[in-house]
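This is what each chain is made of:
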Amino acid sequence: MKRLVCLLSLLSVAVPEACPAWSTFHGNNQRNGLTPVTAPAQPKVKWSFDVGGPVICSPVVAPDGSVIVGTTWHETLRPTRTITAVKPDGTLKWRFTLPWFEDQTISTPAVAADGRVYAGTADGTFVALGPDGSELWRYQASEPVRSHVMVGSDGNVYVNLDGKLTSFSPAGTKRWEYTLGTNLEGGPSETLDGKILAVGDTGVVCLNAQGALVWTTPVSGTAAPIAVSPNGDVLVGGQTVTALDSSSGSVKWSAPIFAYGTYASPSVDAQGNVYYGFDYNLYKLSPNGNVLVQKYLEDPNSNFLGSTWSSPLIDGSGRLFWGMATGKRWAIPFEKNLTVFNSGLSIVRQTPLPEALFTSNPAIGDDGTLYAGCLDGKLYAFGP
């Protein structure tokens, strides 16, 4: 509930002095990328930590300021997979080791208010860890865990497993499951009044916290969680961006854009404007779905194109922090940046990196430090 109050406060003049950490994919259970914390306008690399292999999931921040990176390859003579916690000063806090498995997942962990970490892996293991990295319990799914994890406002855990939206208690008891019919990337989101959202093979489903269906709407979505606007609208990113009423699931508007091939959720600023990126195009939509800005990413000094498959973070000053690139393009330095945009989608700062951020969304700590995982196998911290 504290997180919800913190987000709603962005609509007023006063912002609380302390807000919870960026503890889940895209910052909050509404998956809208909005934070009251102000990030550095000209971010520079403070430190980097080698997690051992390419980072394609997104970092999250624990209540004590530690940064959690989900399962990555740890490429040594005897390779393993690891979940890693890094202290705010860039040193190792703990590393949880799993057996080697020849695959990775973009599944982003979630951290509870008590510091517990919930994470999925490519071999189907879903594990709960204590704040010290010790294993508390695990559940073995049959298929890879591709879903981002969510700790609901009720304290229970939600994740897509084996084509089913599944809820666990913090102690590991399975509470219920609802068949989605698909095991695509993405994962659950939460409405402002505590209902659970997910994308299934028939469209968007909305459940109450006890797993009962509230409504369903046949709108297709991409491999990313649904976002919820500060006004409560349910925003589904797919071949377009569609806004649904959170109470009934009825369509409010559908933006006249065509999107494809993205793992990104829409981001929403405090005024309700929607930002969405895919491949070479970035969009800013009004709260009613009108296209305000369309930006075609191109390096002004060459004919190289930029691109993105990630979601932007919107800080307390309204700036957007976006990871550029769709993969390892060795010859295109324009794509290897953490890029800062103003609300009009003009580039105001680019911080170059050795490799692309790819699908790793930026995260932010309560002190304003930015974090992002990179394909070079490192977690980067950015400060002023």
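Draft legend 1. Just the overall build of the protein chain, in detail. Along the protein chain, the regular secondary structure elements total one helix and 32 strands. Burial status across the protein chain gives 62% buried among its 384 residues. Looking at the protein chain alone, contacts between residues at least 24 apart form 51% of all its contacts between residues at least 6 apart. Accessible surface for the protein chain amounts to roughly 13900 Å². Of this, 53% is attributable to carbon and sulfur atoms.

Draft legend 2. Highlighting the sheet that holds strand S25 (residues 291–296). Pairing within the open sheet is antiparallel, and its four strands lie in the order S22-S23-S24-S25. Looking along the sheet, the strands with just one partner apiece sit at the ends: strand S22 (267–268) and S25. Both strand S23 (residues 274–278) and strand S24 (residues 281–285) contribute to a ladder of five bridges, which runs antiparallel. When the sheet's bridge partners are listed, Tyr275 is paired in S24 with Lys284.

Draft legend 3. Inspection of the packing of aromatic side chains at higher detail. According to the stated counting rule, one finds nine aromatic pairs in the structure shown. Seen from their ring centres, Trp47 and Tyr371 are 6.0 Å apart, and the 50° between their planes marks the pair as tilted. One end of the pair, Trp47, is in strand S1 (residues 44–50); the other, Tyr371, is in strand S31 (residues 370–373), with 324 residues separating them in the sequence. One exposure class covers both Trp47 and Tyr371, and it is buried.

Draft legend 4. Highlighting the nonpolar core. Membership of the largest hydrophobic core comes to 29 residues, with the highest contact counts inside it found for Trp47, Ile364, Leu370, Tyr371, Leu379 and Phe382. Elements with a minimum of two residues in this core: S1, strand S3 (67–74), strand S28 (337–341), strand S30 (363–364), S31 and strand S32 (378–383). Broken down by element, this core gets its largest block of residues, four residues, from S32. With sequence-adjacent residues up to four places away left out, Leu370 is seen in contact with Ala39, Pro40, Pro43, Leu313, Phe321, Leu338, Ala363, Ile364, Tyr380, Ala381 and Phe382. The next biggest cluster of nonpolar side chains, apart from the first, holds 14 residues, and it includes Ala128, Trp137, Ala141 and Val157.

Draft legend 5. Quick look at the pairing of S25. Bridging between S24 and S25 involves five bridges; their strand directions are antiparallel. Pairing of Leu285 across the sheet is with Val291, part of S25.

Draft legend 6. Geometry of the sheet that holds S30. What the four strands build is an open sheet, ordered S1-S32-S31-S30; its pairing is antiparallel. One side of each edge strand has no neighbouring strand; the edge strands of this open sheet are S1 and S30. Here S31 pairs with S32 via four bridges, running antiparallel. Each bridged residue has a counterpart across the sheet, and for Ala372 the counterpart in S32 is Tyr380.

Draft legend 7. Region of interest: the confidence of the model for the protein chain. For the protein chain, the average pLDDT comes to 87, and 87% of its residues sit at 70 or higher. Counted against residues more than four places away or in other chains, residues 1–19, with its pLDDT under 50, gives 29 contacts. Here residues 326–330 scores under 50 on pLDDT; set against residues more than four positions off or in separate chains, the count is 16 contacts.

Draft legend 8. Quick look at the pairing of S32. Of all the six residues making up S32, five are buried; the element is thus mostly covered by neighbouring parts of the structure. Strand direction decides the pairing type here: S1 and S32, joined by six bridges, are antiparallel. Each bridged residue has a counterpart across the sheet, and for Val45 the counterpart in S32 is Phe382. In textbook terms, the turn of a hairpin is the stretch between consecutive antiparallel strands, and for S31 and S32 this stretch comprises four residues, one of which, Gly377, has a positive phi near 90°.

Draft legend 9. Just the environment of Arg175, in detail. Positionally, Arg175 belongs in strand S13 (residues 174–179). Separated by 35 residues in the primary sequence, Arg175 and Gln210 have C-alpha atoms spaced 8.0 Å apart. Once you skip the residues sitting within four places of it in the chain, Arg175 turns out to touch Asp154, Asn156, Tyr158, Ser167, Phe168, Ser169, Ala209 and Gln210. Engagement of the side chain of Arg175 in a polar contact is seen with the backbone oxygen of Ala209, the distance being 3.1 Å.

Definitions and limits used
- Residues numbered from 1 in each chain as written.
- Predicted model: local features only at pLDDT ≥ 70, side-chain atom pairs only at ≥ 80, totals over all residues.
- Heavy atoms only, no water.
- Helix = DSSP H or I, 4+ residues; strand = E, 2+ residues; numbered from the N terminus.
- Buried < 20%, exposed > 50% of the residue type's maximum accessible area, 1.4 Å probe, protein only.
- Contact = heavy atoms within 4.5 Å.
- Areas by Shrake-Rupley, 256 points an atom, 1.4 Å probe, with all protein chains shown as cover.
- Pairing = 2+ DSSP bridges.
- Phe/Tyr/Trp six-rings, centres within 6.5 Å; stacked < 30°, edge-to-face > 60°.
- Core = buried A, V, L, I, M, F, W, Y, C linked by side-chain atoms within 4.5 Å.
- pLDDT = per-residue confidence, 0-100.
- Polar contact = N/O pair within 3.5 Å; in protein donor to acceptor, adjacent residues only side chain to side chain.

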